[in-house]
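Coordinate inspection notes
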Amino acid sequence: MEATPIIGASLMIGSSIFMYIVAFLAVMAIGGYLTYRTSPKRKQRREDKRNNER
């Protein structure tokens, strides 16, 4: 019976580490998606600017 709190604590720590990893991956995915979505617009704007200066 004495080992049960230790097992519970280790499971809680492990699940919290897992949750941190999941949250990190979600942030990376959202950040990558936003960067991918905005970069073509920014590139197009830069090309338009370059063409208008000529």
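You'll find the structure just up there.
To start, this report covers the structure provided alongside it. (Residues numbered from 1 in each chain as written. Predicted model: local features only at pLDDT ≥ 70, side-chain atom pairs only at ≥ 80, totals over all residues. Heavy atoms only, no water.)

1. Here's the deal with the overall build of the chain
Looking only at helices and strands, one finds one helix and zero strands in the chain. Taking all 54 residues of the chain together, 0% fall into the buried category. Carbon together with sulfur atoms contributes 68% to the accessible area of the chain, which is approximately 5400 Å² in total. (Helix = DSSP H or I, 4+ residues; strand = E, 2+ residues; numbered from the N terminus. Buried < 20%, exposed > 50% of the residue type's maximum accessible area, 1.4 Å probe, protein only. Areas by Shrake-Rupley, 256 points an atom, 1.4 Å probe, with all protein chains shown as cover.)

2. A short note on a positive patch on the surface
On the surface, Arg37, Lys41, Arg42, Lys43, Arg45, Arg46 and Arg50 cluster together to form a positively charged patch. For Arg46, the location among the structural elements is in helix α1 (residues 3-53). (Patch = residues over 30% accessible without salt bridge, like charges linked within 9 Å, V, L, I, M, F, W, Y side chains within 5 Å. Salt bridge = Lys/Arg side-chain N within 4 Å of Asp/Glu carboxyl O. Lys, Arg positive; Asp, Glu negative; His and termini not counted. Charge placed at Lys NZ, Arg CZ, Asp CG, Glu CD.)

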